[in-house]
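Reading the structure
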2 protein chains.
Amino acid sequence: MEDPGWEPRRLAAVSAVLPEGVTPPGTRGRILEAGLSVFAEAGFAGGSIRQIAGVVGINSATLYAHYPSKSHVLAELVRVGHQELHSRLAEALAGAGDRATGQLAALVRAQVLVHADYPLLAVVTNDELHALSPELAAPALELRSRCRRMLLDVLELGVKDSDFALPDILMAAGAIGAMGLRVAYWFGPDQPYTREQVADGYAEFALRLAGAH
Amino acid sequence: MEDPGWEPRRLAAVSAVLPEGVTPPGTRGRILEAGLSVFAEAGFAGGSIRQIAGVVGINSATLYAHYPSKSHVLAELVRVGHQELHSRLAEALAGAGDRATGQLAALVRAQVLVHADYPLLAVVTNDELHALSPELAAPALELRSRCRRMLLDVLELGVKDSDFALPDILMAAGAIGAMGLRVAYWFGPDQPYTREQVADGYAEFALRLAGAH
DNA sequence: GTCTATAATGCGATAGAC
DNA sequence: GTCTATCGCATTATAGAC
């Protein structure tokens, strides 16, 4: 395959930012940031160790002093992405009161905001997870399962309390989750909305979808 | 990178089926089908010409008698995927009457059904489009733009006729489109729904989201 | 921890016989 | 249209000096 002569772009141009706290310090963190940039651009299979090392400004061999393989770089990115999502959802839920309407709005708002704040991380986390071995993917899958559980529990509570009118909770969870996930792909500084406006709008959509009254 | 020893899987196991009519006949069609299977499994960058040829049962060199490059195989897949979506949406809209409520339900139903019928094609079409050069991606992008236009027009009509109550049409289109797109990733024969049940459920969700009454 | 050098492999694509 | 054989190159990862 000859040189393409063009830049493959999956999303609106944004910088490869990682959330504080869950990101490792020093060179490890810089490699992770470079890996995010490269994998977001070319995918896991399409991006190379040499490209990542080039972005960091180190030799490709040096990278192996920090990560044992290319897969482990992706695995840590996927872990960080899921961890940030999970902690934000849990925090939102904790401060949302005991009514299902408030809880659902808080969950959707948090999901939208995290996807708007870290779009590259969200895309890599979701689109490249399949490239990991079951062992390396397991921690992320566990966190994803807990996120899904939170949403299902809120929907179930809402139906029980007659705050929601939903014939099927599973289908609704799929639809609501899809809405927020996709924000990472189109939201950016070029859009005529602030992140808060999207979060509020999508929370309202979710409440309507759930038949809240 | 050593042999992984496991099978990367992006979706529930389904066969690589292509829609009739828009798919080329003969060996060209069999290559396209094999390409769909390989790209869905490993992505465009991760799948190889040799793998595709192996699935077809021909030598890798023979493939170049039918497609000039690996990119052209993906380009035709992406074109077929967008063409099938566009024709199904247009057909649905044509038979949906002149009220926005019926039109929106028909569009969402059609979108869900095409994603449920051709999940592998939908995933490749959406996740690997970015790997194509602007020239090869252009026909698909044009079709995508027209699909989006259909949805926006229906939402606009509904607001004008007061059938819908929507503060923002663009955001609603993003949310509704995301719902249906994501069906390709989770729907399968293992789910407790028929394709019709999902289509009906999601059409109802879209109407609620739009504030239909 | 960082480098140079390289091993071992797989890749896309082409040449040329049939 | 299909094959065998191969070119030229990029890849992941390692060995070993400093």
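Worth saying up front: this structure is predicted, and the values here are computed from it rather than measured.

Taken together, the contact pairs 40 residues of chain B with 41 residues of chain A. For the chain B and chain A pair, buried surface summed over both sides reaches about 3200 Å², with 67% attributable to carbon and sulfur atoms. When the buried area of chain B at its contact with chain A is split by residue, B:His130, B:Met171 and B:Arg208 rank highest and sum to 22% of it. For the pair chain B and chain A, the interface holds 0 salt bridges.

Neighbouring DNA strand D are 17 residues, the closest being A:Arg50, B:Met1, B:Asn59, B:Thr62 and B:His66. Close to the protein, within 4 Å, the atoms of DNA strand D belong to sugar or phosphate groups at a rate of 60%. The contact in question runs from a phosphate oxygen of DNA strand D to an N or O atom on the backbone of A:Ile49, over 3.1 Å. Counted by class, the surface near DNA strand D contains 7 nonpolar, 7 polar and 3 charged residues.

This next bit is on helix H2 (residues 49-56) of chain B. Note: α-helices contain 3.6 residues per turn, so residues at a spacing of three or four share the same orientation. Residue and element names in this part refer to chain B. Of the positions making up H2, those classed as buried are Ile49, Ile52, Ala53 and Val56. Down the axis, H2 shows its buried residues gathered within 95° of arc, on one side only. Opposite the packed face of H2, turned more than 90 degrees from it, sit the exposed residues Arg50, Gly54 and Val55. Residue Gly57 follows H2 closely and has a positive phi angle near 90°.

For the structure shown, the criterion picks out 10 aromatic pairs over all chains. Arranged with centres 6.4 Å apart and planes meeting at 35°, the rings of A:Trp186 and A:Tyr202 form a pair that is tilted. Taken together, the residues A:Trp186 in helix H8 (residues 169-186) and A:Tyr202 in helix H9 (residues 195-209) connect sequence positions 16 residues apart. When the centroid spacing of 6.4 Å and the interplanar angle of 80° are considered together, the rings of B:Trp186 and B:Tyr193 count as edge-to-face. On the accessibility criterion, B:Tyr193 (11% relative accessible area) is buried. Following the ring pairs from residue to residue traces out a cluster consisting of A:Trp186, A:Phe187, A:Tyr193, A:Tyr202 and A:Phe205. Here B:Arg28 stacks its cationic end above the ring of B:Tyr67, 4.4 Å away from the centre of that ring.

Right, let's get into the protein's contact with DNA strand C. Residues in contact with DNA strand C amount to 15 residues; listed here are only the nearest, A:Met1, A:Asn59, A:Thr62, A:His66 and B:Arg50. One of the side-chain nitrogen or oxygen atoms of A:His66 is found 2.8 Å away from a phosphate oxygen of DNA strand C. Measuring from a phosphate oxygen of DNA strand C, one finds a side-chain N or O atom of B:Ser48 at 3.4 Å. In terms of residue class, the surface near DNA strand C is built from 7 nonpolar, 6 polar and 2 charged.

This part takes up empty space enclosed by the protein. Residues and elements named next belong to chain A. Considering all chains together, one arrives at 1 cavity of 30 Å³ or more under this definition. Taken as a whole, the largest cavity spans an internal volume of roughly 30 Å³. If you trace the largest cavity, you find it lined by Ser15, Ala16, Val17, Leu36, Asp117, Tyr118, Pro119, Leu120 and Leu121. Among the elements that line the lining of the largest cavity, the one with the most residues is helix H6 (residues 119-127), at 3 residues. Residue classes in the lining of the largest cavity are distributed as 7 nonpolar, 1 polar and 1 charged.

Overlaying chain B with chain A gives an RMSD of 0.0 Å, the required rotation being 180° about an axis along which the chain moves by 0.0 Å. The relationship between the two copies is best expressed as a two-fold rotation axis.

What follows concerns the side chain of B:Asp127. Looking at the secondary structure, you find B:Asp127 in helix H5 (residues 119-127). Within the structure, the side chain of B:Asp127 is placed 3.5 Å from the side chain of B:Arg10, a separation counted as a polar contact. Apart from residues no more than four positions distant in its own chain, B:Asp127 is found in contact with A:Arg10, A:Asp127, B:Arg10 and B:Tyr185.

All names here are of chain B. Taken as a whole, this structure holds 30 salt bridges over all chains when the rule is applied. Of the charged contacts in the structure, one is a salt bridge between Glu41 and Arg9, with a shortest N-O distance of 3.3 Å. With Glu41 in helix H1 (residues 26-46) and Arg9 in the segment before H1, this pair connects stretches of sequence that are 32 residues apart.

One finds A:Leu104, A:Tyr202, B:Leu104 and B:Tyr202 to be the most contacted residues of the largest nonpolar core, which totals 152 residues. Two domains each put at least three residues into this core: domain 1 (26-63) and domain 2 (70-209) of chain A. Discounting chain neighbours no more than four positions away, the residues touching B:Tyr202 are A:Met171, A:Gly174, A:Ala175, B:Val108, B:Val112, B:Met179, B:Gly180, B:Val183 and B:Trp186.

Now for the domain arrangement of chain A. Residues and elements named next belong to chain A. Here chain A is described as being made up of domain 1 (26-63) and domain 2 (70-209). Between the C-alpha centres of domain 1 and domain 2 the distance comes to 27 Å. Counting residues at the interface gives 13 residues for domain 1 and 12 residues for domain 2. Between domain 1 and domain 2 lies a buried interface of about 1200 Å² when both sides are counted; carbon and sulfur atoms form 80% of it. The three residues of domain 1 that bury the most area against domain 2 are Leu32, Leu36 and Phe44, which together make up 53% of that side's buried surface. Connecting domain 1 to domain 2 are 1 salt bridge. Here Arg28 makes a salt bridge to Glu76, at a shortest N to O gap of 2.6 Å.

Procedures and definitions
Residues numbered from 1 in each chain as written. Chains lettered and ligands numbered in written order. Predicted model: local features only at pLDDT ≥ 70, side-chain atom pairs only at ≥ 80, totals over all residues. Heavy atoms only, no water. Contact = heavy atoms within 4.5 Å. Buried area = accessible area lost by both parts, 1.4 Å probe. Salt bridge = Lys/Arg side-chain N within 4 Å of Asp/Glu carboxyl O. Near = heavy atom within 4 Å. Polar contact = N/O pair within 3.5 Å; in protein donor to acceptor, adjacent residues only side chain to side chain. Nonpolar A, V, L, I, M, F, W, Y, C, P; charged D, E, K, R; others polar. Buried < 20%, exposed > 50% of the residue type's maximum accessible area, 1.4 Å probe, protein only. Helix = DSSP H or I, 4+ residues; strand = E, 2+ residues; numbered from the N terminus. Arc of directions from axis to C-beta. Phe/Tyr/Trp six-rings, centres within 6.5 Å; stacked < 30°, edge-to-face > 60°. Lys NZ or Arg CZ within 6 Å of the ring centre and 35° of its normal. 1 Å grid on protein atoms, 1.4 Å probe; cavity = no way out; pocket = protein on both sides within 12 Å on 5 of 7 lines; lining within 4 Å. Points joined across faces, edges and corners; volume = space filled by probe spheres on them. Least-squares fit on C-alpha atoms with pLDDT ≥ 70 in both. Core = buried A, V, L, I, M, F, W, Y, C linked by side-chain atoms within 4.5 Å. Domains from an automatic or database assignment.

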